[in-house]
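Listed here are the chains, written in short residue letters.
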Amino acid sequence: MKSNKPDVGPLLEIKNLKKYFEIKGGGALGRKKQILKAVDDVSFEIYRGETLGLVGESGCGKSTLGRNILRLQDPTAGEVVYGQENILDYSKKQMRSLRKDMQIIYQDPFGSLNPRFTIGQIIGEMYEIHGLAKGAEKETKVKELLELVGLDANRYHSYPHEFSGGQRQRVGIARALALQPEFIVADEPVSALDVSVQSQVINLLIQLKKEMGLTMLFIAHGLNVVRHISDRVGVMYLGKLVELSDTDSIFNEPAHPYTAALLSTVPEADPEARKERIVLKGEVPSPASPPSGCNFRTRCPLATERCSQEVPQWQETRNGHFTACHYPLEKGETLRDAIAQRGNDADKKMNNLIMA
Amino acid sequence: MLKVENLVTGYRGKEGFVRAVDGVSFDIKKGETVCIVGESGSGKSVTSMSVMRLVEFENGEIISGSIEYMGEELTTKSNEEMRKIRGAEISMIFQEPLTALNPVFTVGKQIVEAIRYHQPLNKKQAMDRAQELLEMVGLSEPKTRLKQYPHELSGGMRQRVMIAIALASEPKLLIADEPTTALDVTIEAQILDLLRKLREEEEMSIMLVTHDIGVAAELSHRIIIMYAGKIMEIAESKELFEQPHHPYTKGLLESVPKMSGERGELLPTIEGTIPGLDQMPEGCRFAPRCEFATKKCHEENPPLESKRGRQVACWHVEEFLKSEEHHFSRKEDSIEVK
Ligand SMILES: Nc1ncnc2c1ncn2[C@@H]1O[C@H](COP(=O)(O)OP(=O)(O)OP(=O)(O)O)[C@@H](O)[C@H]1O
Ligand code: SF4
Ligand SMILES: [Mg+2]
């Protein structure tokens, strides 16, 4: 499964995308307006037919990024290029026809389906909105879809509450697939599910992707799930993309210290897999008042003075491997080695971590 | 140290009485960390809430069975007696630390109260001890934290405060119910690290309740696998992962994508869904989803018994293990052919 496919070319190009929110807070009376940079200057490409995984801690901007690419929210700045056109310039009407090509699957299989409508209505609505099918034809199409996602076509008249969590997630997937989109943002589609049901839905996504040639942005915080399903993986921290590469390279040879630390502490279902844990100290700072220079420097074991002054550039440090760090890890170098070798105040930095 | 036998706990709901935990037996030894692992509705939290006798406050009721702590029967204790035990002997931490802390009191006041509940210290001494505890759980700037209110702290900090309060009484048994589920991965790593230290340094017994088999693998000596209100299997952690003896355990372990597994392949799955409390199957609860199920499985409930040196509740352990061996030797063959 080779993922770097320059021959196929990107389906979407995201250029310097920003989404800022104005929030209340700050100031003595909490009235001063603050700017929260939920997504801050993110650039990357999504290749045709790939599954691009997106990981990062809560609040780092994954969902906001996904929503802004689809223009479910209007970005503050940047471009999303699709078929040589910046869709951020599209009119309402143009967006409407684009909707057919781009869909979203949400995390919450309970909240995202209207409880007062039947499954048939919920999915069938997609055809009606776009004037593609109605009546008996619509019903046939919806029933085909239900079977495609592994649900009984006879459940056409059932209501969401009559389904289990996993089944509801299948309904959400069927709805997203109704118009045969090219691109899907799957925002934590399996996070709310029990493991034994989670694997069923993961399999469904893998199969559908193969059969329909879907391109998918797969957002999740479970690193094992993302690793399993993705061709390439992007890592976000505090509104920024800090690393992006093909899956094996990210998981075997991470370049960014954040990625390396994150991977070292994944609880693994294998007591034999004793590994060197590097536990980051401290908390993720508030996105409303991020640190100067590199966002990650307050928790980074490799940070130097330079990191507090200069924002690290997003660049291709190895072939096809993008990182934003002044001191990325070399291929094959572990974070622990890097901590031990670099800088003269290595001891102080060791102190900043809990090693196990 | 803790011995639970044939515990049955139920809830009164709209649909009448349902048994959330149905005949559960296990024990925890001194200094041992035991994990109860299960999916939603498996009864893992209800089990821990029963040990603390907290189910009664949530419309629940321990219907039968015994919970013996250090030789004393807990199920027949009065509320007053239980409160003493909860304050001193057994402590509990929960998934959502915000709801467990009192929002109108400072962190310091809450810890001091917990300390003075069972230690004759004056305010000043208790405050010093509180600060010590916050340092012990790795909270930065403990002096400042003492003066703060719960909502001024992050989720990870609140969980540390909860752990500090739980440790205030120097309990012999710590019950932790999904202590990291609500936390971010890097914060989860910090809390797991803390629990690991406590386990090693404090000689405390820990009962950890989690849905995450990875967390269980990292921390526990023994693992209890629950499904639909019953225990399916109990094993030493290492042995469980080496060779599950119950078809459900195997299905559960295999359906989790491994960090070193083959990517992009279809994952092994357990077909079907977890039964609701009001539609429990007769016989073995796992039978409707089990590939080894026979008529007997659908009719008679298999007891948790010692089989092949393992505690397991399944009528067909032998057949299951045989098929595993078969599978395994087939795998070996194919490697040789290559
Ligand atoms: N409409 C909004 N108004 C103000 N702030 C917002 C809004 N939507 C998101 N944010 C903020 O933007 C940041 C990024 O949020 P986002 O939901 O994208 O994170 P996420 O990575 O998807 O997190 P999670 O893993 O919890 O889903 C957060 O700090 C969030 O509070
Ligand atoms: S730029 Fe500096 S602070 Fe940021 S990740 Fe790299 S080394 Fe760490
Ligand atoms: Mg999100």
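Rules used throughout
- Residues numbered from 1 in each chain as written.
- Chains lettered and ligands numbered in written order.
- Predicted model: local features only at pLDDT ≥ 70, side-chain atom pairs only at ≥ 80, totals over all residues.
- Heavy atoms only, no water.
- Near = heavy atom within 4 Å.
- Polar contact = N/O pair within 3.5 Å; in protein donor to acceptor, adjacent residues only side chain to side chain.
- Areas by Shrake-Rupley, 256 points an atom, 1.4 Å probe, with all protein chains shown as cover.
- Helix = DSSP H or I, 4+ residues; strand = E, 2+ residues; numbered from the N terminus.
- Pairing = 2+ DSSP bridges.
- Contact = heavy atoms within 4.5 Å.
- Axes fitted to C-alpha atoms, helices over the stretch in contact; angles between N-to-C directions.
- Domains from an automatic or database assignment.
- Buried area = accessible area lost by both parts, 1.4 Å probe.
- Core = buried A, V, L, I, M, F, W, Y, C linked by side-chain atoms within 4.5 Å.
- Buried < 20%, exposed > 50% of the residue type's maximum accessible area, 1.4 Å probe, protein only.

**What to know about the site of ligand 1**
All names here are of chain A.
Phase 1 of the analysis: Residues in contact with ligand 1 amount to 14 residues; listed here are only the nearest, Ser58, Gly59, Lys62, Ser63 and Thr64.
Phase 2 of the analysis: Glycine 59 is positioned such that a nitrogen or oxygen atom in its backbone is 2.7 Å from an oxygen atom of ligand 1.
Phase 3 of the analysis: Within the side chain of serine 63, a nitrogen or oxygen atom sits 2.7 Å from an oxygen atom of ligand 1.
Phase 4 of the analysis: In the complex, the protein chains occlude 66% of the 630 Å² of accessible area that ligand 1 would expose alone.
Phase 5 of the analysis: Mapped onto the shell around ligand 1, the elements with two or more residues apiece are β1 (10–23), β2 (34–47) and α1 (62–69).

**Comments concerning the sheet that holds strand β4 (residues 77–82) of chain A**
Think of a sheet as strands paired side by side through backbone hydrogen bonds, with each pair either parallel or antiparallel.
Residues and elements named next belong to chain A.
Phase 1 of the analysis: Read from one edge to the other, the open sheet built from 4 strands follows the order β2-β1-β4-β5, with strand pairing classed as antiparallel. This sheet does not close on itself; its edge strands, each paired only once, are β2 and β5 (85–86).
Phase 2 of the analysis: With 2 bridges connecting them, β4 and β5 associate as antiparallel partners. Following the sheet pairing, tyrosine 82 is matched in β5 by glutamate 85.
Phase 3 of the analysis: Sheet contacts for α1: β1, β2 and β4; angle to β1, the most-contacted strand, approximately 120°.

**Describing the domain arrangement of chain B**
As a measure of interface size, the accessible area lost when the parts come together is often cited.
All names here are of chain B.
Phase 1 of the analysis: Here chain B is partitioned into domain 1 (28–58 + 174–191 + 201–258 + 279–338) and domain 2 (90–170).
Phase 2 of the analysis: Placing the centre of domain 1 and that of domain 2 at their C-alpha centroids yields a distance of 33 Å.
Phase 3 of the analysis: Tallying the contact residues gives 18 residues for domain 1 and 15 residues for domain 2.
Phase 4 of the analysis: Counting the surface lost from both domain 1 and domain 2, the interface buries some 1400 Å², and carbon and sulfur atoms represent 73% of this.
Phase 5 of the analysis: The largest share of the area that domain 1 buries against domain 2 comes from Met52, Leu174 and Ile191, three residues that together contribute 31% of it.
Phase 6 of the analysis: Across the contact surface, domain 1 and domain 2 share 5 residue pairs in polar contact (both at pLDDT 80 or more).

**Topic: the nonpolar core**
Phase 1 of the analysis: Within the largest apolar cluster, 71 residues are counted, with the highest numbers of intra-cluster contacts made by Ile111(B), Leu134(B), Ile213(B) and Ile225(B).
Phase 2 of the analysis: Split by domain, the residues of this core number at least three in each of domain 1 (28–58 + 174–191 + 201–258 + 279–338) and domain 2 (90–170) of chain B.
Phase 3 of the analysis: Beyond its immediate stretch of four places on either side in the chain, Ile111(B) contacts Ala130(B), Leu133(B), Leu134(B), Leu146(B), Ala164(B) and Ile165(B).
Phase 4 of the analysis: Core analysis: the second largest hydrophobic core is formed by 69 residues, Ala133(A), Phe251(A), Leu262(A) and Cys300(A) among them.

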